Amino acid sequence: MSRIEILYLSQPDIIALGLSMAEIIGLVEAALREHGEGRVEMPPKPGIHPRPETFIHAMPAYLPRLGAAGLKWIGCFPENPQRGLEQTTGVLVMNDPETGIPLAIMDAAWITAMRTAAVTAIGARHLARPDSRVLGIVGAGVQGHTNLVALAEVLPELRQVKVTDRRPEAVTSYLAEMRPRFSRLTIEPVGSVEEAVKGSDVIVTATMFYLTSPLVRAAWFAPGAFAAPLEADYAWEPAAVKLADKFVTDDAEQTRYFAAHGCFPEGMPPLHAQLGEVVCGKKPGRERADERTMSICLGMALEDVAVGRRLYDLARERGAGTRLPLT
Ligand SMILES: NC(=O)c1ccc[n+]([C@@H]2O[C@H](COP(=O)([O-])OP(=O)(O)OC[C@H]3O[C@@H](n4cnc5c(N)ncnc54)[C@H](O)[C@@H]3O)[C@@H](O)[C@H]2O)c1
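Residues numbered from 1 in each chain as written. Predicted model: local features only at pLDDT ≥ 70, side-chain atom pairs only at ≥ 80, totals over all residues. Heavy atoms only, no water.

Before going further, it helps to spend a moment on the domain arrangement of the protein chain. In terms of domain boundaries, the protein chain breaks down into domain 1 (5-111 + 302-325) and domain 2 (124-299). For domain 1 versus domain 2, the separation of C-alpha centres amounts to 24 Å. If you look at the interface, domain 1 gives 23 residues, while domain 2 gives 26 residues. Between domain 1 and domain 2, roughly 2000 Å² of surface is buried when both sides are summed, and carbon and sulfur atoms account for 62% of that area. The tally of links between domain 1 and domain 2 comes to 2 salt bridges. With a closest N to O distance of 3.9 Å, Glu-37 and Lys-282 form a salt bridge. Where domain 1 meets domain 2, there are 6 residue pairs in polar contact (both at pLDDT 80 or more). Secondary structure elements with two or more residues in the side of domain 1 that touches domain 2: α2 (21-36) and β3 (55-63). (Domains from an automatic or database assignment. Contact = heavy atoms within 4.5 Å. Buried area = accessible area lost by both parts, 1.4 Å probe. Salt bridge = Lys/Arg side-chain N within 4 Å of Asp/Glu carboxyl O. Polar contact = N/O pair within 3.5 Å; in protein donor to acceptor, adjacent residues only side chain to side chain. Helix = DSSP H or I, 4+ residues; strand = E, 2+ residues; numbered from the N terminus.)

Quick look at the structure:
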């Protein structure tokens, strides 16, 4: 029998491959199109919960047309930042769809950070007003950073960013990092969630699951705005979620599962579409300038394996990473 080697890619290995946000948006959009067309195998993600209000999810997916098969094993421990650790950590295993052999094992935190923001941007491309100028960000952590990078790719008229966080030091480092990267944007700290949300054309909340009380009031969600809550509906009061004229999610079955396990305390709002159905043209995106639109995407394994496949190919081309004997 041939010996099997596995390619190990650390987070620095992955970052050195230089995959841009624009490329990741393209890869994720192709994967969402496959989902919209029903050409994916992706069972609902099971999880374990080693501590209260934490999870580690197993997320397998197979995209036949992209030749991408794999499994992400990803943990979310909201109190980790207080220990000086990332909230979200994990690994992605990529398999050969022909033989089933594991080809690679790689860091999944960077992929998660980037692909989640790409999903927001794809949502914005279809559901935000194309002339959106003002972005409000609540939560200046990992997703607060990558969501700005992704949204700047798809919103050419974006001019102003308002950012808030319960930790002032997070805002300070956010400004230091993001202002030099985006000279076309005015990036301003604001002192409250209300100021970040009110008057914003696009609103991203990127805080934490299991918030004990919502942060965003219905009265602040203006006609014409697009909202992308990343912590399911925890940060938005039920009346605000209900205000959405078009409510979109990534995967209806998965979102219903979350609704049955504590999300959407007043029931899931009527679903306009899964994002992939909008991407592949089966359902419309925004149709009027005054619509309120909301995309709550809980994250799908197919996004990870689409990006993982590209990273694996790039690493092979360039001889990057570490080859480890498996058998
Ligand atoms: N849907 C998905 O696919 C997906 C993927 C990754 C992360 N997420 C979710 O996105 C959220 C953010 O993740 P992250 O990796 O950026 O976390 P992070 O810890 O890097 O950042 C979260 C930030 O929110 C701030 N925050 C927390 N509570 C707040 C509050 N009440 N008011 C203001 N700021 C507050 C924290 O201080 C922190 O700076 C989490 O809920 C995570 O579960 C979703």
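This is not the end of the story, as more comes after the structure.
Because each turn of an α-helix spans 3.6 residues, side chains separated by three or four positions end up pointing in the same direction. Its 13 residues give helix α4 (residues 142-154) an end-to-end C-alpha distance of 19 Å, which sits within 8% of 18 Å, the value for a rise of 1.5 Å per residue. Of all 13 residues in α4, 11 are buried; the element is thus mostly enclosed. (Expected span 1.5 Å × (residues − 1). Buried < 20%, exposed > 50% of the residue type's maximum accessible area, 1.4 Å probe, protein only.)

Here strand β12 (residues 246-249) shows two buried faces, one formed by Lys-246 and Val-248 and the other by Phe-247 and Thr-249. When β12 meets strand β14 (residues 293-296), the two strands line up parallel, connected through 4 bridges. Each residue of the ladder has a partner; that of Lys-246, found in β14, is Thr-293. Where β12 meets strand β13 (residues 273-274), 2 bridges bridge the pair, whose relative direction is parallel. The residue of β13 that forms the bridge with Thr-249 is Gln-274. (Pairing = 2+ DSSP bridges.)

This part is about the sheet that holds strand β2 (residues 47-48). The mixed open sheet is built from 7 strands, whose spatial order is β2-β3-β4-β5-β6-β1-β15. Single-partner strands in this sheet number two, and they are β2 and β15 (322-325). Pairing between strand β4 (residues 68-76) and strand β5 (residues 88-95): 8 bridges, direction antiparallel. Of the residues in β5, the one forming a bridge with Cys-76 is Thr-88. Strands β1 (5-9), β3, β4, β5, β6 (102-107) and β15 of the sheet are contacted by helix α10 (residues 301-318), whose axis makes an angle of about 70 degrees with β3. (Axes fitted to C-alpha atoms, helices over the stretch in contact; angles between N-to-C directions.)

Let's shift gears to the packing of α2 against α10. For the pair α2 and α10, the least separation of the axes is 9 Å and the interaxial angle reads 130 degrees. Relative to α10, the element α2 lies oblique. Between α2 and α10 lies a crossing whose hand is right-handed. When α2 is examined against α10, the residues Ile-24, Leu-27, Val-28, Ala-31, Leu-32 and His-35 are found in contact with a partner set consisting of Leu-302, Glu-303, Ala-306, Val-307 and Arg-310. (Parallel < 35°, antiparallel > 145°, perpendicular 65-115°, else oblique. Left-handed = near helix turned anticlockwise from the far one by under 90°.)

What follows deals with the site of the ligand. By nearness alone, 24 residues border the ligand, and Gln-87, Gln-143, Asp-165, Arg-167 and Cys-297 come closest of all. One of the side-chain N or O atoms of Gln-87 is found 2.7 Å from an oxygen atom in the ligand. Within the contact set of the ligand, a nitrogen atom lies 3.1 Å away from a backbone nitrogen or oxygen of Arg-166. The protein chains hide 90% of the 850 Å² of surface that the ligand would expose on its own. Where the shell around the ligand is concerned, the elements lending two or more residues are α3 (109-127) and α4. (Near = heavy atom within 4 Å. Areas by Shrake-Rupley, 256 points an atom, 1.4 Å probe, with all protein chains shown as cover.)

Now for the environment of Phe-55. For Phe-55, the location among the structural elements is in strand β3. For the pair Phe-55 and Thr-88, spaced 33 residues apart in sequence, the C-alpha separation works out to 9.8 Å. Setting aside residues up to four positions removed in sequence, Phe-55 forms contacts with Ile-48, His-49, Ile-74, Gly-75, Cys-76, Phe-77 and Tyr-210.

Attention shifts here to the packing of aromatic side chains. Following the criterion strictly, the structure yields 8 aromatic pairs and no others. With 5.6 Å between their ring centres and 55 degrees between their planes, Phe-209 and Tyr-234 make a pair best called tilted. Remark: Tyr-234 occurs in the loop between β11 (226-229) and α7 (238-242) and Phe-209 occurs in the loop between β10 (202-205) and β11; sequence separation between them is 25 residues. Overall, the relative accessible area of 14% leaves Phe-209 in the buried class. In this structure an aromatic cluster arises from ring pairing among Phe-55, Phe-209, Tyr-210, Tyr-234, Tyr-257 and Phe-258. (Phe/Tyr/Trp six-rings, centres within 6.5 Å; stacked < 30°, edge-to-face > 60°.)

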